[in-house]
Structures are given as C-alpha cells and as structure tokens.
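Descriptive analysis of the structure
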Amino acid sequence: MALKRPESVLVVLFDQHHRILIMQRDDDPEFWQSVTGTIEQHERPIEAAYREVREETGISLDPVSSAITDCHHTNRFEIRSRWRHRYPPGTQYNTEHVFFAQVDSRHPIHLTEHTQYEWVARDEAIARLWSPSNRDAITQFVPERI
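Everything in this summary refers to the structure shown in the same document. (Residues numbered from 1 in each chain as written. Predicted model: local features only at pLDDT ≥ 70, side-chain atom pairs only at ≥ 80, totals over all residues. Heavy atoms only, no water.)

**A word on helix 3 (residues 132-141)**
For helix 3, every residue scored as buried is listed here: Ser133, Asn134, Ala137 and Ile138. One side of helix 3 carries all its buried residues, which in axial view fall inside an arc of 145 degrees. Looking at the buried side of helix 3, the elements it contacts are strand 1 (7-14), strand 2 (20-25), strand 3 (32-33), strand 5 (69-78), strand 6 (93-102) and helix 2 (122-128). (Buried < 20%, exposed > 50% of the residue type's maximum accessible area, 1.4 Å probe, protein only. Helix = DSSP H or I, 4+ residues; strand = E, 2+ residues; numbered from the N terminus. Arc of directions from axis to C-beta. Contact = heavy atoms within 4.5 Å.)

As structure tokens, this is what we get:
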C-alpha cells in the first residue's frame, strides 16, 4: 500500500430537508464523519471532493447541476497516532480542505468505507461527529436553512 499524502478533503453533504449526512467508520464504531479522503498525487482538492463523494456514497455530482462548494478554508490537525503508519515517516499533521454540497436524500447511498449512515438534524450531527474540524465545518459553512 502506498503511503498517504497528508492533505485531504472534507465534504459536508446536506439534503433538501437540511439534514446532514453522517457515516460511521468501519474501523471505529465511535467515529461518525462526513465524506473525507486523501488528495491523490496530481489531483486538485475540488477533484478529490467529487471523487470522494462518489467513492464513499455512490452519488455522482455534476459540477453544473449539483456543484460542490469550496469553502476556501483549510484545517490543520494532528493525525491520530493509530493512523500515522499510513503516512510518510515523521508525518504528524494533515491539511484538510473544506467543501459542502446539497444533495437529494432520496438518492440511494452505497457505502464502501462505512458501516452505516444517517441523515440527521444539524445540531445532532454536530453532537455526534468525532472530528472537531467536521463539527466546525457544519457550524461555519452549512446554513441552518436555505
């Protein structure tokens, strides 16, 4: 397995009822999150955002009709010690680019890296998400109502 690049995307998805999609990681039942993933070599953050949404949920968004919004915000956080072996030696921090998109919750979700998902109210999502940067992204960038 190739080592991961310490740069990733976070994509918060919300639906037409303004519920947030949260997913439970398959390697940690206490870890609920939005769509996340490493930016691949020669890939721009926005390209990674579209790819990760498709890979983790099965939803293929179109930049014209269902665009992902770039928040023009990055987070820097310490990588969990149990995951550092996935990165080049000595890597302790990750840079995360934040995005969001509205999607139709009637679209079927096909999980590939998570055990389950739920569409939940904004406050519940903030309470249940493991990552502080994920909670902050919802608070800062996802409007309470459209």
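**Section: the packing of aromatic side chains**
Tallied over the full model, the rule gives 3 aromatic pairs. With 5.6 Å between their ring centres and 45 degrees between their planes, Phe31 and Trp83 make a pair best called tilted. With Phe31 in the loop between strand 2 and strand 3 and Trp83 in the loop between strand 5 and strand 6, this residue pair connects regions lying 52 residues apart in the sequence. When the centroid spacing of 4.6 Å and the interplanar angle of 20 degrees are considered together, the rings of Phe31 and Trp130 count as stacked. With Phe31 in the loop between strand 2 and strand 3 and Trp130 in the loop between helix 2 and helix 3, this residue pair connects regions lying 99 residues apart in the sequence. Overall, Phe31 belongs to the buried group, its relative accessible area being 5%. What links up through ring pairs into an aromatic cluster is the set Phe31, Trp83 and Trp130. (Phe/Tyr/Trp six-rings, centres within 6.5 Å; stacked < 30°, edge-to-face > 60°.)

**Concerning unusual backbone geometry**
For His18, which is not glycine, the phi dihedral falls at a positive 65 degrees. Residue position: His18 is located in the loop between strand 1 and strand 2.

**Describing the environment of Glu47**
The topology assignment puts Glu47 in helix 1 (residues 45-57). Its relative accessible area of 34% is what places Glu47 among the partly exposed residues. When the C-alpha atoms of Glu47 and Asn94 are compared, they prove to be 18 Å apart, with 47 residues separating the residues in sequence.

**What to know about the pattern of salt bridges**
Scanning the model with the defined rule gives 15 salt bridges in all. Across the pair Glu55 and Arg51 runs a salt bridge whose closest N-O atoms are separated by 3.2 Å. Placement of the pair is Glu55 and Arg51 together in helix 1, with a separation of 4 residues, close to one helical turn. Taking the relative accessible area as the measure of exposure, Arg51 reaches 8% and is therefore buried. For Arg128, the salt bridge goes to Glu124, with nearest N and O atoms at 2.8 Å. Here Arg128 pairs with Glu124, and both are found in helix 2, just 4 residues apart, close to one helical turn. Residue classification places Arg128 among the partly exposed residues on the basis of a relative accessible area of 24%. (Salt bridge = Lys/Arg side-chain N within 4 Å of Asp/Glu carboxyl O.)

**Observations concerning the nonpolar core**
Val11, Leu13, Val53, Leu61 and Ile68 are the most contacted members of the largest nonpolar core, which has 19 residues in total. Looking at this core, the elements with two or more residues in it are strand 1, strand 2, helix 1 and strand 6. Those residues within four positions of Val53 in sequence are excluded, and the remaining contacts are Val11, Leu13, Val35, Gly58, Ile59, Leu61 and Ile68. (Core = buried A, V, L, I, M, F, W, Y, C linked by side-chain atoms within 4.5 Å.)

**Considering the side chain of Glu56**
Take Glu56: it is sitting in helix 1. From its side chain, Glu56 meets the backbone nitrogen of Thr36 in a polar contact 3.4 Å long. Other than its neighbours up to four places away in sequence, Glu56 contacts Met23, Ser34, Val35, Thr36, His110, Leu111, Thr112, Glu113 and His114. (Polar contact = N/O pair within 3.5 Å; in protein donor to acceptor, adjacent residues only side chain to side chain.)

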